[in-house]
Every structure is written in structure tokens, then in C-alpha cells.
Amino acid sequence: MQLQETEKPEFYLKEEHHPEGSTMLGFWLYLMSDCLIFAVLFATHGVLGRSYAAGPSPADLFDLPIVAINTSMLLLSSITYGFAMLQMERNARAETLFWLAVTGVFGAIFLALELYEFNHLIHEGAGPTRSAFLSSFFTLVGTHGLHVTFGIIWLITLMVQVAKHGLTPENKRRLMCLSMFWHFLDVVWIGVFSFVYLMGVLG
């Protein structure tokens, strides 16, 4: 009796399995929910940002030159992601992967500097439990850092997909979603830099 051959399962769908516009709409809804999360965290810091509990203030803790370098890393990563999207429109896979890799490097440097700052503050006794100001600071900046971490993981995943399957319509749509997410994180960080760091030190 001849055994019936089983088809090899397909884990990467090549056909369109849902309307194209639904992905972008769903992702916009996700970004709006993220806006609400960060709005709450900004509001919380606005209320607690002066509650030092006789501890150090932002002027005592923050090193603005390092924060400025960190900010430039994230802004540069936004520019390089824009270059990647331009190459994607040209269907230039190698160039797209190159600029995505550069974006990932800038993002990794941003995270490394942020972890260095956190480690320095905790080493100086200014951890998240020291005062309400520091609790709100670590929560807001740490939440943004987690988003950047997930963005880098997503970036690496898409680079593997593009390298393996090319710039298919599905991969282009995923790169567009990540582009929206990455630029959103840049906008949020500009708010963090201005509201938390600059106003904290100079205000």
C-alpha cells in the first residue's frame, strides 16, 4: 500500500491573506494607544517631577552633553531609516539592508548610553526608589528604552526576512510599519529631552 505523500507546510505566506489597508489601520490604532501610554507617563512626571524628597534634583544628576549625544544617535537613526525606505522604493535590497543595519547600530548606541546613564544614577544612590521624581523619570525613560529595544529586535527580524525573501509587497508593508514606529519613538524622545532633561536642568 503506497503511503500518501504529505505536503510540506508553508510558514511564509506568499499570497495576500487580508486586505492591505487593514494592517496600516491597525498599526495606526496601536500607535495611538502608545501615545496615550506616553501621555500618562509625561503627565505623571509633570506632577512628580519636583518631588525630590530632599534628594538630588535634575541639575545635580543629568549630564546634558551625554544626553545630547544620545539624542543625536536616535535622530541620526531616523535619517538612516529614511534612506533605507528610499532604497526600498528603488527595490535595491542590498542598499536597503545596509541602511537598516546602520539604523540598528545607531539604535544600539542609544540604548548603550541610556543603560550607562541608568547604571551611573543607581551607583550614585539615585535609583528609582530614591524619590517620586526619580520613580517617574526611570519609568518614562525606561519605557521609551524598552520600545527602542523591541524596535531593534523587530528591525533585525525584518532584515532576515528581506535577506531571505527580498522586497516583497508584504515585507515593504512591514518596513513601512516599522518606519512609523521608529519615527514615533524619535518624536517621543524629543519630548523627553525637552520636558525631562532641559526643563529639569534649566527650569
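What counts and how
Residues numbered from 1 in each chain as written. Predicted model: local features only at pLDDT ≥ 70, side-chain atom pairs only at ≥ 80, totals over all residues. Heavy atoms only, no water. Helix = DSSP H or I, 4+ residues; strand = E, 2+ residues; numbered from the N terminus. Buried < 20%, exposed > 50% of the residue type's maximum accessible area, 1.4 Å probe, protein only. Contact = heavy atoms within 4.5 Å. Patch = residues over 30% accessible without salt bridge, like charges linked within 9 Å, V, L, I, M, F, W, Y side chains within 5 Å. Areas by Shrake-Rupley, 256 points an atom, 1.4 Å probe, with all protein chains shown as cover. Salt bridge = Lys/Arg side-chain N within 4 Å of Asp/Glu carboxyl O. Phe/Tyr/Trp six-rings, centres within 6.5 Å; stacked < 30°, edge-to-face > 60°. 1 Å grid on protein atoms, 1.4 Å probe; cavity = no way out; pocket = protein on both sides within 12 Å on 5 of 7 lines; lining within 4 Å. Points joined across faces, edges and corners; volume = space filled by probe spheres on them. Nonpolar A, V, L, I, M, F, W, Y, C, P; charged D, E, K, R; others polar. Axes fitted to C-alpha atoms, helices over the stretch in contact; angles between N-to-C directions. Parallel < 35°, antiparallel > 145°, perpendicular 65-115°, else oblique. Left-handed = near helix turned anticlockwise from the far one by under 90°. Expected span 1.5 Å × (residues − 1).

Visitor: How would you explain the overall build of the protein if you had to name every residue and give the values?
Guide: Check the secondary structure of the protein and you find six helices and zero strands. When its helices and strands are written in sequence order, the protein yields α-α-α-α-α-α. Split into buried and exposed, the 203 residues of the protein put 43% on the buried side. If you take every contact in the protein between residues at least 6 apart in sequence, the share linking residues at least 24 apart comes to 82%.

Visitor: Tell me about a nonpolar patch on the surface, and please be specific about residues and values.
Guide: Together, Leu-76, Ile-79, Phe-83 and Leu-86 make up a nonpolar patch on the protein surface, roughly 350 Å² of accessible area in all. With respect to the helices and strands, the residue Leu-76 is situated in helix H3 (residues 64–89). The partly exposed category is assigned to Leu-76, whose relative accessible area is 36%.

Visitor: Report on the packing of aromatic side chains, specifying residues and quantitative values.
Guide: Taken as a whole, this structure holds 19 aromatic pairs when the rule is applied. With a centroid separation of 4.8 Å and 45° between ring planes, the pair formed by Phe-118 and Phe-138 is classed as tilted. Within this pair, whereas Phe-118 is found in helix H4 (residues 93–123), its partner Phe-138 is found in helix H5 (residues 132–165), the two being separated by 20 residues in sequence. Relative accessible area serves as the criterion here: at 12%, Phe-138 is assigned to the buried category. Three or more aromatic residues joined by ring pairs form one cluster here, namely Tyr-52, Phe-62, Phe-110, Phe-118, Phe-133, Phe-137, Phe-138, Trp-189 and Tyr-197.

Visitor: Mind laying out empty space enclosed by the protein, listing which residues take part and the relevant values?
Guide: The final tally for this structure, using the stated rule, is one cavity of 30 Å³ or more. As for the largest cavity, its lining consists of Ile-66, Val-67, Asn-70, Leu-113, Glu-117, Trp-189 and Tyr-197. Mapped by element, the contributors of at least two residues to the lining of the largest cavity are H3, H4 and helix H6 (169–202). Broken down by element, the lining of the largest cavity gets its largest block of residues, three residues, from H3. Class assignment for the residues of the lining of the largest cavity results in five nonpolar, one polar and one charged.

Visitor: Describe the environment of Thr-143, and please don't skip the residues or the numbers.
Guide: Looking at where Thr-143 falls in the secondary structure, it is placed in helix H5. In this structure Thr-143 touches Phe-38, Leu-41 and Phe-138, once residues within four positions along its chain are discounted.

Visitor: Describe the packing of H3 against H4, naming the residues involved and giving the relevant values.
Guide: Relative orientation of the contacting elements H3 and H4 amounts to 165°, with a least axis distance of 8 Å. As summarised for this structure, H3 and H4 are arranged roughly antiparallel, according to the angle between their axes. The handedness of the crossing between H3 and H4 is left-handed. When the residues that make up the contact of H3 with H4 are grouped by side-chain class, the tally is 18 nonpolar, seven polar and three charged.

Visitor: Just give me the short version of H3, but keep the residues and values in it.
Guide: Between its terminal C-alpha atoms H3 stretches 38 Å, which fits the 38 Å expected from 26 residues at 1.5 Å a residue. Asn-91 lies just past H3 and shows a positive phi near 60°.

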